[in-house]
Amino acid sequence: MDYQKVKGTHDFIGEDAEYLSYIRETFFKVTSLFNYKEHVIPTLEYSEVFSRGVGQGSDIVRKEMYSFLDKSYRSLTLRPEFTAGIVRSVVENKLYATEVLPIKSSYLGQSFRYERPQAGRYREFYQGGVECIGVSGIDYDVEVIQLCLELLKRFHLDDKVALSINYLGGIDTRERYTASLTQYFKGHIEEMCDDCKERIEVNPLRILDCKEERDQKVASNAPEITSFLSEKEKADYEAIKERLTLLNIEFHEDTHLVRGLDYYSGLVFEFNVPLEDNALCGGGHYDNLVSELGGPELEGVGFSFGIERLIQFMKDNGIKPESKKSKSFYIMPLDKEVSNYALRIARLLRENDYRAEIDYDGGKIASMFKRAERLNLDYGIIIGLDEANAKTVQLKDLKTQEQISVSYDKLLEEISK
């Protein structure tokens, strides 16, 4: 049979691999500027981590998780998102007691959701993000938006996205709002999709996430949560907006933005592509997730983004990964007797962080140059018997075709020019 990749998975080859490497390097560089440290967690968690953490009412738990019983009949799940797993790790390792608060964690790795594959969306996908756990007030809410915007700037996307914000409030506020939503949607539910008919029983807030155009029109006239906020919640929300304005961060208030996860309970935000149903990244504040997973009463805030979606958007806008590659060399020994000298040259280059490839196949020099061209390398180093005996090389710029003779002792000095 012809073996093919599983539907909804993706091979990172060539340019795609370069994008992934560039995004990973840039992401951890930017997050470190805000004093976040990488936090690596398992791909597998007990299913309850997500059913309790993400919420039974979310589409992720209801329809999209890859869950199975192991040989001891324990229910395990391939992580559909990182936040619940990061919080589980913080609680299990008691980091709230041993680390300085807030705990700032950054992550990037694979996640899994059983979704309909489409451009930039896969069933196995890379997700990056941060979690800031042990916060109080609005300061870190605003800082996380700053971090997200700085990341988009590094990818040259900050002028191509728009920030949307909303404020969900705490448990009491959401209960009042949920009751009002239920009352409103009951008058329309028969004309809505089957998922919405289920959502109104499980969690009416999720109806606001529905992507069906007909249902979106109904939801556009639904009550707004800002009408149900307490005085403190209104004050916090106003303070966030004032701080964003002070920092010259433009934003749009979307009073029906709820995100797709049940643990959000304060600020929520997304950076969207205008005129498209495409959120490049988003996140928000959560009050009860840490305690829900067995920890103390600690609040947190974070955001995440999908790498494949980001790569697709960068490609669509002609944004290439910024190359940080060192100069590259193709070493061409013209005789078997000079192979040891060629190895010495390669070792010298690699020890000094230059990329080097040796043509072990030999043959005509024209064939060697063709291979060097196909590999898109910068320089050729030609070594014949005369060069080996004189401890020199012929250094050729493969772009300009300029060629000079350089002694072994002066090779690094010449290259650095």
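See the structure printed just above.
Residues numbered from 1 in each chain as written. Predicted model: local features only at pLDDT ≥ 70, side-chain atom pairs only at ≥ 80, totals over all residues. Heavy atoms only, no water.

Participant: It is not clear to me how the environment of Leu-289 should be interpreted in this structure. Could you clarify?
Facilitator: Inspection of the secondary structure puts Leu-289 in helix α11 (residues 289-292). When sequence neighbours within four positions are dropped, the list of residues in contact with Leu-289 reads Gly-53, Thr-83, Val-87 and Tyr-263. (Helix = DSSP H or I, 4+ residues; strand = E, 2+ residues; numbered from the N terminus. Contact = heavy atoms within 4.5 Å.)

Participant: Just checking my understanding: could you explain the pattern of salt bridges for this structure?
Facilitator: Any two side chains of opposite charge can pair, on the condition that their charged atoms come close. Counted by the stated rule, this structure contains 23 salt bridges. Taking the shortest distance from any N to any O, the salt bridge between Asp-195 and Lys-63 comes out at 2.8 Å. Residue Asp-195 is located in helix α8 (residues 194-202), and its partner Lys-63 is located in helix α3 (residues 59-64); the two are separated by 132 residues in the primary sequence. Asp-195 gets classed as partly exposed once you look at its relative accessible area, which sits at 27%. A salt bridge links Arg-74 to Asp-70, with the nearest nitrogen and oxygen atoms 2.9 Å apart. Put simply, Glu-45, Arg-88 and Glu-92 are held in one network by salt bridges that share partners. (Salt bridge = Lys/Arg side-chain N within 4 Å of Asp/Glu carboxyl O. Buried < 20%, exposed > 50% of the residue type's maximum accessible area, 1.4 Å probe, protein only.)

Participant: What should I look at first to understand the sheet that holds strand β16 (residues 403-407) in this one?
Facilitator: Within a beta sheet, neighbouring strands are joined by backbone hydrogen bonds and run either parallel or antiparallel to one another. On the basis of which strands lie adjacent, the open sheet formed by 5 strands has the order β13-β12-β14-β15-β16 and mixed pairing. Looking at which strands have only one partner, the edges of the open sheet turn out to be β13 (355-358) and β16. Across the sheet, the axes of successive neighbouring strands diverge by a mean angle of 25°, strand direction being ignored. Helix α13 (residues 339-351) contacts β12 (328-333), β13, β14 (379-383) and β15 (392-397) of the sheet and is inclined by roughly 165° relative to β13. Running over the sheet, helix α14 (residues 365-374) touches β12, β14 and β15 and is turned about 160° from β12. (Pairing = 2+ DSSP bridges. Axes fitted to C-alpha atoms, helices over the stretch in contact; angles between N-to-C directions.)

Participant: Would you mind showing me how to read the packing of aromatic side chains here?
Facilitator: Two descriptors summarise a pair of aromatic rings, namely the distance from one centre to the other and the angle between the planes of the rings. Summed over all chains, the structure comprises 15 aromatic pairs. Relative to Phe-185, the ring of Tyr-184 lies with its centre 5.1 Å away and its plane at 70°, an arrangement referred to as edge-to-face. Here Tyr-184 and Phe-185 have matching classes, each one buried. Residues Phe-269 and Phe-271 carry aromatic rings whose centres are separated by 6.3 Å and whose planes lie at 80° to one another, so their mutual orientation is edge-to-face. Neither Phe-269 nor Phe-271 differs from the other in exposure class; each is buried. Linked through ring pairs, Phe-27, Phe-28 and Phe-305 together constitute an aromatic cluster. (Phe/Tyr/Trp six-rings, centres within 6.5 Å; stacked < 30°, edge-to-face > 60°.)

Participant: Would you explain the pairing of β12 in this entry?
Facilitator: The side chains of a regular strand alternate, first on one face of the sheet and then on the other. Within β12, 6 of the 6 residues are buried, leaving the element largely enclosed by the surrounding structure. Of the two faces of β12, the one carrying Ser-328, Tyr-330 and Met-332 and the one carrying Phe-329, Ile-331 and Pro-333 are both buried. With 4 bridges joining them, β12 and β13 adopt parallel strand pairing. Bridge pairing in β13 links Tyr-330 to Glu-357.

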